[in-house]
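Each chain is listed here by its residues.
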Amino acid sequence: MTSPFGDRLMFIDGEMTPGASGEWVTSLNPATEEPIGRVPAASPEDVNAAIASAKAAQPAWAAKSIFERGALLRALAVEFRARAQDILTMEATDTGNTISKLGADVQIAAAYLEYFAGLATEMKGDTVPASPGNIHFSLREPYGVVARIVPFNHPFMFAGAHLASPLTAGNAVVVKTPETSPLTGSLLAECCKEVLPPGVVNIISGYGLPAGDTLVRHPAIHRIGFTGSVPTGLAIQRAAAETSVKHVSLELGGKNPLMVFPDADLDKVVDASIAGMNFSWAGQSCGSTSRILAHESVYDELVERVAARTDAVVVGDPLDPASEMGPVNSKGHYERVLGFVEGGRRDGAKLVAGGQRPTGDDFKKGYWLRPTAFADATMDMEVAREEIFGPVVAMLKWSTREEAVQMANATAYGLTAAIYTNDLQAAMTTAQEVESGYVWVNGVAQHYVGLPFGGVKNSGLGGEEALDELLSYTRTKTVNILLS
Ligand code: NAD
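Residues numbered from 1 in each chain as written. Predicted model: local features only at pLDDT ≥ 70, side-chain atom pairs only at ≥ 80, totals over all residues. Heavy atoms only, no water.

Participant: Can you help me understand the overall build of the chain in this one?
Facilitator: Assigned secondary structure in the chain consists of 16 helices and 19 strands. At 23 Å, the chain has a C-alpha radius of gyration in line with the 23 Å of a compact globule built from 484 residues. Projected onto its principal axes, the C-alpha coordinates of the chain cover approximately 70 × 65 × 40 Å. Across the 484 residues that make up the chain, the buried fraction comes to 57%. For the chain, the share of sequence-separated contacts (at least 6 apart) that also reach a separation of at least 24 residues comes to 74%. When the accessible surface of the chain is split by element, carbon and sulfur atoms take 54% of a total near 18,800 Å². Counting 38 positive and 55 negative side-chain charges, the chain places the averaged centre of each group 4 Å from the other. (Helix = DSSP H or I, 4+ residues; strand = E, 2+ residues; numbered from the N terminus. Rg over C-alpha atoms; globule rule 2.2 N^0.38 Å. Buried < 20%, exposed > 50% of the residue type's maximum accessible area, 1.4 Å probe, protein only. Contact = heavy atoms within 4.5 Å. Areas by Shrake-Rupley, 256 points an atom, 1.4 Å probe, with all protein chains shown as cover. Lys, Arg positive; Asp, Glu negative; His and termini not counted. Charge placed at Lys NZ, Arg CZ, Asp CG, Glu CD.)

Spelled out as structure tokens, the structure:
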């Protein structure tokens, strides 16, 4: 291979390995469509080897004190930071995410290792005065081997951060990286190899079928943490249920409303409409506020200002610090996003920004789309209802607060919602009525450590980034000591 990143290997039983299949997944730079490296396509045999290794390593890992495990997780965070430049260059090239904002991904992954390591003493049980003279209490124990399956939009951040809670709880982990943008999985593996005992973390690459599916179905796996799309989440629930009883948590998609009330500060709303769309990742973020629901009194002004700001987003090479948006992640996904843009036009939404490939020699190849905004969408249009997971925002108009809430709730999703108003009554009532797992009032995009992030309805099951996540990687045992 002459591609810049070459052959990147999996990590099984403490060793970097191409695995047994002899098949590879080639990764293309989404900005140029050139091959940049490849990873093994794990076979069922590889997945089974990873699980066997994790199973063998887990008892000794769980037997370490929380201080020993915590020290190793903190050392892993140090490795992440030390390798940050390599990780970011590879990740920006492989995902198309812009390097200027991507630096946070390594810091976030490292910070979650440190945060969960520090929370270890919160893995508490209860004592209950259930009968006189006796002692009744509950304990928290690790599941054993857990699976974490991650999506393409922030592969290093998700895979790295998602080690923290299962490892703190004393589990061993098998990570499945995505089939597009898989390359930094190998750098994560190299960091783990430096710090952790062999087998405690195994990292496999390849396709959902057979690699992900084999992992999910394995009878030794009783805990699965999945981040990805709704159809895959549903497939995982079905597959898991066919083999053994498993605790499955799901972080899925969203079609998140940014709700603008008549009194909202429009300067802040216009900023939020850009920040909330996560254009730095070409809109490919589960939490993106891809529906702007604006009161009729501010709607026209907002459409004009959001269109102008969307048009002003600087599209360019993801490795150029001046770029504010790169390409869409992969060919298949690009075609899907273009299909939604076409659908919006066909359904009669008004295209007010973008909608085409940028012009110029830099954009002749690659999966480029200018940041795109539709106005006058209605909730019967797919551009207003479906997760596009691309740089496309839809704007809709409402007259009463009740109507706004009804529109916000009229999708199958329920991940995030942003409410812009200084009317306390309207903000609090709307925050209670909106069917979303994570709500901002006069804010957008930002996650706050210690607050559970997760969706309701088809956006998922189970909160992450908080104590809830750590506890979800433990199972409970009740002990009754009968003294009387
Ligand atoms: P995806 O569902 O296509 O793939 C995610 C992962 O699942 C990949 O590693 C893939 O190989 C694996 N997979 C596919 N089929 C499988 C199967 N049958 N069994 C086991 N594993 C399988 O998702 P994607 O396209 O990579 O990511 C985009 C989606 O992820 C969007 O819907 C986005 O909203 C969602 N997402 C959610 C969050 C969140 O926190 N809620 C965060 C990021 C992304």
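Participant: When you look at the side chain of Asn 256 in this model, what are you seeing that I'm missing?
Facilitator: Along the chain, the position of Asn 256 falls in the loop between strand E10 (247-251) and strand E11 (257-260). Here the side chain of Asn 256 touches Cys 286 through a polar contact of 2.8 Å, landing on its backbone oxygen. Asn 256 has contacts with Cys 286, Gly 287, Ser 288, Thr 289, Ser 290, Arg 291, Leu 415 and Thr 416, leaving out every residue within four places of it along the chain. (Polar contact = N/O pair within 3.5 Å; in protein donor to acceptor, adjacent residues only side chain to side chain.)

Participant: Would you mind showing me how to read the environment of Val 341 here?
Facilitator: Relative to the helices and strands, Val 341 is located in helix H12 (residues 331-347). Among the residues examined, Val 341 registers a relative accessible area of 2% and is labelled buried. Each C-alpha atom, one on Val 341 and one on Ser 436, is 25 Å from the other, the two residues being 95 residues apart in sequence. Setting aside residues no more than four positions away along its own chain, Val 341 makes contact with Gly 355, Leu 369, Phe 374 and Val 392.

Participant: What exactly am I supposed to notice about the nonpolar core here?
Facilitator: Generally speaking, a soluble globular protein has its nonpolar side chains buried in company with each other. Counting residues in hydrophobic clusters, the biggest one holds 68 residues, and the most contacted among them are Met 259, Val 260, Leu 302 and Val 383. What Val 260 contacts, discounting residues up to four positions off in sequence, is Leu 266, Val 269, Ile 292, Leu 293, Ala 294, His 295, Val 298, Leu 302, Trp 398 and Tyr 420. Formed by 57 residues, the second largest nonpolar core is a distinct cluster that contains Ala 110, Leu 167, Val 195 and Tyr 473. (Core = buried A, V, L, I, M, F, W, Y, C linked by side-chain atoms within 4.5 Å.)

Participant: How do you make sense of the site of the ligand when you look at a structure like this?
Facilitator: By nearness alone, 28 residues border the ligand, and Glu 179, Ser 229, Thr 232, Leu 252 and Glu 387 come closest of all. Contact between the ligand and Lys 176: an oxygen atom at 2.8 Å from a side-chain N or O atom of the residue. For the shell around the ligand, the secondary structure elements donating two or more residues are helix H8 (208-217), strand E9 (221-227) and helix H9 (230-243). It is H8 that provides the largest number of residues to the shell around the ligand, a total of four residues. When the residues that make up the shell around the ligand are grouped by side-chain class, the tally is 14 nonpolar, nine polar and five charged. Both domains that furnish three or more residues to the shell around the ligand are identified here as domain 1 (10-252 + 460-479) and domain 2 (257-448). (Near = heavy atom within 4 Å. Nonpolar A, V, L, I, M, F, W, Y, C, P; charged D, E, K, R; others polar. Domains from an automatic or database assignment.)

Participant: How do you make sense of the domain arrangement of the chain when you look at a structure like this?
Facilitator: For an interface, size is often stated in terms of accessible area lost upon the parts coming together. What the domain assignment reports for the chain is domain 1 (10-252 + 460-479) and domain 2 (257-448). The gap between the C-alpha centroids of domain 1 and domain 2 is 30 Å. Listed per partner, the contact involves 26 residues of domain 1 and 26 residues of domain 2. Summing the contributions of domain 1 and of domain 2, the shared interface buries around 2,100 Å²; its carbon and sulfur component is 56%. Of all residues in domain 1, Glu 33, Thr 98 and Phe 152 give up the largest surface area on contact with domain 2, accounting jointly for 24% of the area buried on that side. Counting every contact that joins domain 1 to domain 2 gives zero salt bridges. Contributing elements (two or more residues each) for the side of domain 1 that touches domain 2: helix H3 (84-95) and helix H4 (99-118). Looking at the side of domain 1 that touches domain 2 residue by residue, the class counts come to nine nonpolar, twelve polar and five charged. (Buried area = accessible area lost by both parts, 1.4 Å probe. Salt bridge = Lys/Arg side-chain N within 4 Å of Asp/Glu carboxyl O.)

Participant: Which parts of the structure should I look at to understand unusual backbone geometry?
Facilitator: The general pattern is negative phi for most residues beyond glycine and trans for most peptide bonds. Here the bond from Leu 209 into Pro 210 is cis, since omega is 5 degrees, no more than 30 degrees from zero. Here Pro 210 is to be found in helix H8. At Glu 33, a position not held by glycine, the phi torsion is positive, near 70 degrees. With respect to the element layout, Glu 33 can be found in the loop between strand E3 (24-28) and strand E4 (35-40). Look at Glu 33 and you get partly exposed, because its relative accessible area is 26%. Residue Ser 181 is not a glycine yet carries a positive backbone phi of 60 degrees.

Participant: What is the right way to look at the sheet that holds strand E14 (residues 372-375) in this model?
Facilitator: Where strands meet in a sheet, backbone hydrogen bonds hold them as pairs that are either parallel or antiparallel. The strand order across the open sheet built from seven strands is E13-E14-E15-E12-E11-E16-E17, with neighbouring strands paired in mixed fashion. Lying at the two open borders of the sheet, with one neighbouring strand each, are strand E13 (350-353) and strand E17 (438-441). If you compare each strand with its neighbour and ignore which way they point, the axes differ by 20 degrees on average. Across three bridges, E11 lies against strand E16 (residues 416-420) in parallel orientation. Bridge pairing in E16 places Met 259 opposite Ile 419. Most of the contacts of helix H10 (residues 266-275) go to E11, to which it runs at about 170 degrees, and overall it touches E11, strand E12 (291-295) and E16. Together, E13, E14 and strand E15 (392-398) form the strand contacts of H12, whose direction differs from that of E14 by roughly 25 degrees. (Pairing = 2+ DSSP bridges. Axes fitted to C-alpha atoms, helices over the stretch in contact; angles between N-to-C directions.)

Participant: I'm lost on the packing of aromatic side chains in this one. Help?
Facilitator: How two aromatic rings sit relative to each other is given by the distance of their centres and the angle of their planes. Evaluation of the coordinates by the stated rule reveals ten aromatic pairs. Through successive ring pairs, a cluster of aromatic residues spans Tyr 112, Tyr 115 and Phe 116. Positioned over the ring face of Trp 24 is Arg 38, at 4.1 Å from the centre of the ring. When the ring centre of Tyr 473 is taken as origin, the NZ or CZ atom of Arg 223, which lies over that ring, is 3.9 Å away. (Phe/Tyr/Trp six-rings, centres within 6.5 Å; stacked < 30°, edge-to-face > 60°. Lys NZ or Arg CZ within 6 Å of the ring centre and 35° of its normal.)

Participant: Mind showing me how you'd approach empty space enclosed by the protein here?
Facilitator: Any empty space left between the atoms is revealed when a probe the size of a water molecule rolls over them. What the rule picks out here adds up to four cavities of 30 Å³ or more. The computed volume of the largest cavity comes to approximately 60 Å³. If you trace the largest cavity, you find 13 residues lining it, with Gly 283, Ser 285, Ser 288, Ser 290 and Phe 389 closest to the centre. Class assignment of the residues belonging to the lining of the largest cavity gives a composition of five nonpolar, seven polar and one charged. (1 Å grid on protein atoms, 1.4 Å probe; cavity = no way out; pocket = protein on both sides within 12 Å on 5 of 7 lines; lining within 4 Å. Points joined across faces, edges and corners; volume = space filled by probe spheres on them.)

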